[in-house]
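Letter by letter, the chains look like this.
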Amino acid sequence: MSLSTKLEKKRAAALRVVASLEAIDINALIAQARPAPVSPLLPFHPSNFIPSNTIAILNIGQGQSGSKPSSADPTELSNVFSHGKLILGLGKPYGFVKFNTVEDAVEVMNRVDSVPCEGLSNKKILLLAYIRSVPGETGSREEEAGGDVVRPEMDKVTAAVPGLDVMLNFVSEEEEKVLVKFVDDTEDAWNHLRDRRVQHYGYIFDYSNHGAIMTRPFPPWTESLLSRFNHHRPQTHSFNQLTINEYPPGTGIAPHVDAHTTFHSPILIISLSSDIVMEFAREGKSTQHLLLPRRSALLMKAESRWSWTHGIRARKLDGVAGRILTRGRRISLTFRRVRLVNEEDGRMFVFYWNVENLRSGKV
């Protein structure tokens, strides 16, 4: 079987995947066919279709195709398709590019399709197709923190990862400015890690041995945040530990589960100054990509806290709800409760070795 035949089989299969995931008939997805096919033995080859100003990138995106990863660096893809609007859906192994003119689309198709892509670090061969329009482009959106967010996409993630709870617009824009200023004004509290800075309150978390020791008390400005949170989501345990993380653009954090032996459930994360996409993963489950808009609060409990890893990829762009978002400096406020031997004086924490109890949330 020739290389071109193999590529066309992959193109056809990928088009069917796109049509299936977008819940659209494949004939309604692809562009109008030419009256007389140019390549009759290759039915889905772009030459057989009347060019349109919209192209589907069939074999690379922000997700997985079967067991094979198909994620791309959004910055590299943006450079490859610099004359068009790049649209990547979270968790989807394909993407779309919309051009101002058909001529621009044709130029890119002739230059990029079915050859090693020089603009990608791995020189991957991209398979493209002319399509009628971006599926769901006219779908309803609602204005929320961080720009237009397709709420159903967020709901899909929280449904797939039990225990996730996103509270949008948890702080106002003015309050966000004040909170960031409070954080920045406490210059002496920063500790420097390899790629980011942190501040600890209540207890210092030792990343090397998952230990905790008492440190400075919570800043006064946290009182109103915690009061508001408890009003909306009453909790059995109050928080006694706060970690403030500063993430410069391009910085991430490796997938992890907050130490079972050190912290109770739930965990509260408030995002300031920049949107971010957080990934949740669990063996045997599909990886989930959750947009955390600036000024939102994320609550992790039950499975999402104990059984799923969460992390942030180190990159400067995120694909969100059909758009590319440029990251800015992000401040996160992470509230947790350290497990204590003596809840009265709080001098030290205790390890609970009954893993089943930990996972069930009994301790």
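In what follows, the structure referred to is the one given above.
Residues numbered from 1 in each chain as written. Predicted model: local features only at pLDDT ≥ 70, side-chain atom pairs only at ≥ 80, totals over all residues. Heavy atoms only, no water.

Draft legend 1. The arrangement of the overall build of the chain in detail. Each helix and strand counted, the chain has 9 helices and 24 strands in total. In the chain, 69% of the contacts between residues at least 6 apart in sequence involve partners at least 24 apart. If you sum the accessible surface of the chain, you get close to 17,500 Å²; carbon and sulfur atoms cover 52% of it. (Helix = DSSP H or I, 4+ residues; strand = E, 2+ residues; numbered from the N terminus. Contact = heavy atoms within 4.5 Å. Areas by Shrake-Rupley, 256 points an atom, 1.4 Å probe, with all protein chains shown as cover.)

Draft legend 2. Layout of the nonpolar core. Leu15, Leu58, Phe81, Phe96, Leu126 and Leu128 are the most contacted members of the largest nonpolar core, which has 40 residues in total. At the level of secondary structure, the elements contributing two or more residues to this core comprise helix H1 (3-21), helix H2 (26-29), strand E1 (54-57), helix H3 (74-80), strand E4 (84-88), strand E6 (95-99), helix H4 (102-112) and strand E7 (128-130). When neighbours within four sequence positions are excluded, phenylalanine 96 is seen to be in contact with Val18, Glu22, Ile55, Ala56, Lys85, Leu86, Ile87, Ile131, Val134 and Pro135. (Core = buried A, V, L, I, M, F, W, Y, C linked by side-chain atoms within 4.5 Å. Buried < 20%, exposed > 50% of the residue type's maximum accessible area, 1.4 Å probe, protein only.)

Draft legend 3. Structural context of the sheet that holds strand E20 (residues 297-300). Here we have 7 strands laid out as an open sheet, ordered E10-E20-E17-E24-E15-E12-E11, and antiparallel in their pairing. With partners counted over all chains shown, the strands left at the sheet margins are strand E10 (164-167) and strand E11 (191-192), one partner each. The sheet contact formed by E10 and E20 spans 4 bridges and is antiparallel. By the bridge assignment, aspartate 165 is partnered in E20 with leucine 299. Of the strands in this sheet, E10, strand E15 (241-247), strand E17 (267-272), E20 and strand E24 (330-336) touch helix H7 (residues 222-232), which is tilted by about 65° from E24. (Pairing = 2+ DSSP bridges. Axes fitted to C-alpha atoms, helices over the stretch in contact; angles between N-to-C directions.)

Draft legend 4. Here's a closer look at the pattern of salt bridges. Going through the model one piece at a time under the given rule, you end up with 19 salt bridges. For the salt bridge of aspartate 258 with arginine 336, the shortest nitrogen-to-oxygen distance reads 2.5 Å. With a gap of 78 residues between them, aspartate 258 in the loop between strand E16 (253-256) and E17 and arginine 336 in strand E24 connect regions that are remote in the sequence. Residue aspartate 258 is classed as buried on the basis of its relative accessible area, which comes to 6%. Taking relative accessible area as the criterion, arginine 336 reaches 7% and is therefore assigned buried. Note that glutamate 279 and arginine 313 form a salt bridge whose closest N and O atoms lie 2.5 Å from each other. With a gap of 34 residues between them, glutamate 279 in strand E18 (residues 276-281) and arginine 313 in the loop between strand E21 (309-312) and strand E22 (317-320) connect regions that are remote in the sequence. Look at arginine 313 and you get partly exposed, because its relative accessible area is 41%. (Salt bridge = Lys/Arg side-chain N within 4 Å of Asp/Glu carboxyl O.)

Draft legend 5. Focus on the packing of aromatic side chains. This structure, assessed with the given rule, holds 5 aromatic pairs. Considering the side-chain rings of phenylalanine 239 and phenylalanine 335, the 6.1 Å spacing of their centres and the 45° angle between planes classify their relative orientation as tilted. You can see phenylalanine 239 sitting in the loop between H7 and E15 and its partner phenylalanine 335 sitting in strand E24, a full 96 residues away along the chain. Note on phenylalanine 239: relative accessible area 11%, which makes it buried. (Phe/Tyr/Trp six-rings, centres within 6.5 Å; stacked < 30°, edge-to-face > 60°.)

Draft legend 6. Just the sheet that holds E1, in detail. In space, the 4 strands of this open sheet follow the order E4-E6-E1-E7, with antiparallel pairing throughout. Looking at the sheet topology across the chains shown, the edges are occupied by E4 and E7. Strand-to-strand, the axes of this sheet are offset by a mean angle of 25°, without reference to chain direction. Strands in contact with H4 are E1, E6 and E7; relative to E7, the strand with the most contacts, it is inclined by about 150°.

Draft legend 7. Local environment of the environment of proline 249. The residue proline 249 is located in the loop between E15 and E16 in this model. On the basis of relative accessible area, proline 249 is assigned to the partly exposed category, the value being 38%. When the C-alpha positions of proline 249 and arginine 315 are compared, they lie 7.3 Å apart, and in sequence the two are 66 residues distant. Among residues more than four places away in sequence, those in contact with proline 249 are Lys316, Arg327, Gly328 and Arg329.

Draft legend 8. Representation of the pairing of E22. Burial along E22 is two-sided: Leu317 and Gly319 and Asp318 and Val320, pointing in opposite directions, are all buried. In the sheet, E22 pairs with strand E23 (residues 323-326) via 4 bridges, with the strands oriented antiparallel. Bridged to valine 320 within E23 is arginine 323.

Draft legend 9. Quick look at the side chain of aspartate 275. Take aspartate 275: it is sitting in the loop between E17 and E18. Within the structure, aspartate 275 has its side chain in polar contact with the backbone nitrogen of arginine 294 (distance 2.8 Å). (Polar contact = N/O pair within 3.5 Å; in protein donor to acceptor, adjacent residues only side chain to side chain.)

Draft legend 10. Highlighting the pairing of E15. A large share of E15 lies buried, amounting to 7 of its 7 residues. Every second residue of E15 is oriented toward a common face, with Gln241, Thr243, Asn245 and Tyr247 on one face and Leu242, Ile244 and Glu246 on the other, all of them buried. Both strand E12 (residues 197-201) and E15 contribute to a ladder of 5 bridges, which runs antiparallel. Bridge pairing in E15 links glutamine 199 to isoleucine 244. For E15 and E24, the ladder comprises 7 bridges, and the chain directions are antiparallel.

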